[in-house]
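Here are the chains, one letter per residue:
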Amino acid sequence: MAFLEFIDIEKSYDSNTVIRKFNLMVEKGKLLVLLGPSGCGKSTLLRMIAGLEKIDNGKILLDNKLINDLLPSKRKISMVFQSYALYPHMNVYQNISFGLLTEKISKSEIKKKVTEVSKILKIEDLLDRKPVQLSGGQRQRVAIGRAITRNPKLFLFDEPLSNLDAALRSEMRVEISKLHKKLKSNIIYVTHDQVEAMTLADKIVIMNKGNIEQYGSPDEIYNNPQNIFVAEFIGNPKMNILKVSSSDIIDRNTIKLFGIKTRFENIEFNNDIYIGFRPEDVSLDKKSEIFTKLNIDLVENLGSEKIIYGNLNGKEIRVKSTKNITDKNITIYLPKNKIYLFDENKNRLDIRIV
Ligand SMILES: Nc1ncnc2c1ncn2[C@@H]1O[C@H](COP(=O)(O)OP(=O)(O)O)[C@@H](O)[C@H]1O
Ligand SMILES: [Mg+2]
């Protein structure tokens with residue numbers, strides 16, 4: 001049974017429709033990531049769950065209870081924002097315990113909770129410090145600690161790591177993941193960062209302009225993107241997409257790919273199509289039937305791997321390799337089973353090459 005359910009949720013600001021007929025069921029104990037480009041409606045949706053934003057149409061059910069009109073304070077939801085919003089004049093202990101003061105629990109009970117939470121987050125030694133005496137990562141932990149002590153039904157995280165440097169970000173990512181596994185808490189986590197989404201999520205919702213483009217596990221979304229938007233959004237560097245125009249259609253089953261006749265099963269080519277292949281699926285030495293020469297524009301050296309930026313008739317092609325590249329051009333080979341096909345509307349075609 002769903003723990004959190006969205007039924008036909010809609011939201012507009014004046015004439016700007018931000019969320020369109022949003023429908024989703026979230027299971028208990030899961031970490032759900034809302035992933036999408038800036039402005040696609042992620043924060044708006046989160047704020048509607050928290051009760052900070054009015055819902056125009058539709059229903060949100062939490063634990064089978066309609067919460068549309070419930071006061072934010074009655075929802076048993078804790079939210080952690082991008083800016084940590086700690087009280088500067090309070091020390092860490094006071095910041096973490098502040099939310100508990102309004103609840104009817106004893107001082108010793110509060111102390112027990114703060115101690116427990118600060119142990120989990122490894123901030124026991126910082127309880128006397130003021131926020132200004134903390135690093136970004138430590139402040140973020142305090143903000144999370146403050147959310148945890150309230151023992152909410154649901155945690156909402158809105159881009160909580162985007163103010164941190166890269167090293168801290170990956171460290172905190174691991175911390176949040178461990179915390180989720182340990183507490184089995186219900187988390188909705190908003191980010192525009194696909195790496196965060198892939199590493200943290202049990203399930204990902206990919207959003208675009210207030211719509212759900214795809215919902216699935218990180219593996220499902222990476223391996224079976226339903227359209228070009230999703231295919232390009234997940235994976236770094238992004239998937240290569242090439243348009244195959246009608247002049248490259250030989251017959252109803254066959255197109256020319258890099259000048260090579262390539263046959264597909266169960267298809268009738270008559271419109272433009274798109275082919276896609278991931279930079280990491282390309283090989284430089286493992287020969288296959290589909291190959292092409294590529295002029296190299298730039299090689300980015302990431303240490304363990306290189307990103308090769310080449311061009312094919314003026315179109316940029318990205319390739320990931322562990323090889324050292326010194327040549328001006330290379331031959332790339334595409335394994336047949338790693339080629340994706342999309343129709344003229346950019347939706348995925350489930351077709352195999354024969
Ligand atoms: N209070 C508001 N008034 C008017 N428009 C808003 C308001 N909040 C957000 N928007 C608009 O709604 C859209 C979605 O915003 P938001 O949910 O913040 O996106 P995201 O979090 O995915 O970056 C944007 O076009 C934004 O400009
Ligand atoms: Mg936002």
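(A) Molecular detail of the pairing of strand E15 (residues 273-277). Along E15, five of the five residues are buried, which leaves the element largely enclosed by surrounding structure. Burial along E15 is two-sided: the face carrying Ile-273, Ile-275 and Phe-277 and the face carrying Tyr-274 and Gly-276 are both buried. Taken together, the five bridges between strand E11 (residues 240-244) and E15 define a ladder with antiparallel strand orientation. Opposite Leu-242, over in E15, you have Ile-275 as the bridge partner.

(B) Quick peek at the sheet that holds strand E8 (residues 187-191). The sheet built from six strands is open, its strands ordered E6-E7-E8-E3-E9-E10 with mixed pairing. Two strands in the sheet have a free side with no partner beyond their single neighbour: strand E6 (77-80) and strand E10 (211-216). Sheet twist, expressed as the mean angle between neighbouring strand axes with direction ignored, is 15°. Pairing of E6 with strand E7 (residues 154-158), which is carried by four bridges, proceeds in the parallel orientation.

(C) Representation of the nonpolar core within the structure. If you look at the biggest cluster of nonpolar residues, it comprises 76 residues, and the most contacted ones within it are Val-33, Leu-156, Ile-188 and Tyr-189. Apart from residues no more than four positions distant in its own chain, Val-33 is found in contact with Tyr-189, Thr-191, Ala-197, Leu-200, Ala-201 and Ile-204.

(D) Highlighting helix H1 (residues 42-50). Along H1, the positions that sit buried rather than exposed are Lys-42, Ser-43, Leu-45, Leu-46, Met-48 and Ile-49. Of the residues flanking the end of H1, it is Gly-51, one or two places downstream, whose phi is positive at about 90°.

(E) Spotlight on the domain arrangement of the chain. Its domain assignment divides the chain into domain 1 (4-233) and domain 2 (240-349). Computed over C-alpha atoms, the centres of domain 1 and domain 2 are 38 Å apart. On the domain 2 side, the residues contacting the six residues of domain 1 number eight residues. Counted by class, the side of domain 1 that touches domain 2 contains three nonpolar, two polar and one charged residues.

(F) Expanded view of the site of ligand 1. Contacts to ligand 1 come from Tyr-13, Asn-16, Val-18, Gly-36, Ser-38, Gly-39, Cys-40, Gly-41, Lys-42, Ser-43 and Thr-44. Looking at the shell around ligand 1, the elements with two or more residues in it are strand E2 (16-26) and H1. For the shell around ligand 1, the element with the most residues is H1, which contributes three residues. For the shell around ligand 1, the class distribution of residues is three nonpolar, seven polar and one charged.

(G) Structural context of unusual backbone geometry. Cis geometry is found at the peptide bond from Asn-236 to Pro-237, where omega equals -5°. Along the polypeptide, Pro-237 turns up in the loop between helix H8 (228-233) and E11. At Asp-8, a position not held by glycine, the phi torsion is positive, near 50°. When you line up the elements, Asp-8 lands in strand E1 (residues 4-13). A residue is classified by how many C-beta atoms lie within 10 Å of it, and Asp-8, with 11 of them, is exposed. Unusually for a residue other than glycine, Glu-159 sits at a positive phi of about 45°. Summarising the element assignment, Glu-159 is placed in the loop between E7 and helix H5 (166-183).

(H) Up close: the sheet that holds E2. Pairing is antiparallel in the open sheet, where four strands are placed in the order E2-E1-E4-E5. The two strands at the open ends of the sheet, each matched to only one other strand, are E2 and strand E5 (65-66). Bridge count for strand E4 (residues 57-62) against E5 is two bridges, and the pairing is antiparallel. By the bridge assignment for E5, Leu-62 is matched with Lys-65.

The rules behind these values
Residues numbered from 1 in each chain as written. Chains lettered and ligands numbered in written order. Predicted model: local features only at pLDDT ≥ 70, side-chain atom pairs only at ≥ 80, totals over all residues. Buried ≥ 20, exposed ≤ 12 C-beta atoms within 10 Å, placed from the backbone. Helix = DSSP H or I, 4+ residues; strand = E, 2+ residues; numbered from the N terminus. Pairing = 2+ DSSP bridges. Axes fitted to C-alpha atoms, helices over the stretch in contact; angles between N-to-C directions. Core = buried A, V, L, I, M, F, W, Y, C linked by C-beta atoms within 7 Å. Contact = placed C-beta atoms within 7 Å. Domains from an automatic or database assignment. Nonpolar A, V, L, I, M, F, W, Y, C, P; charged D, E, K, R; others polar. Near = placed C-beta within 6 Å.

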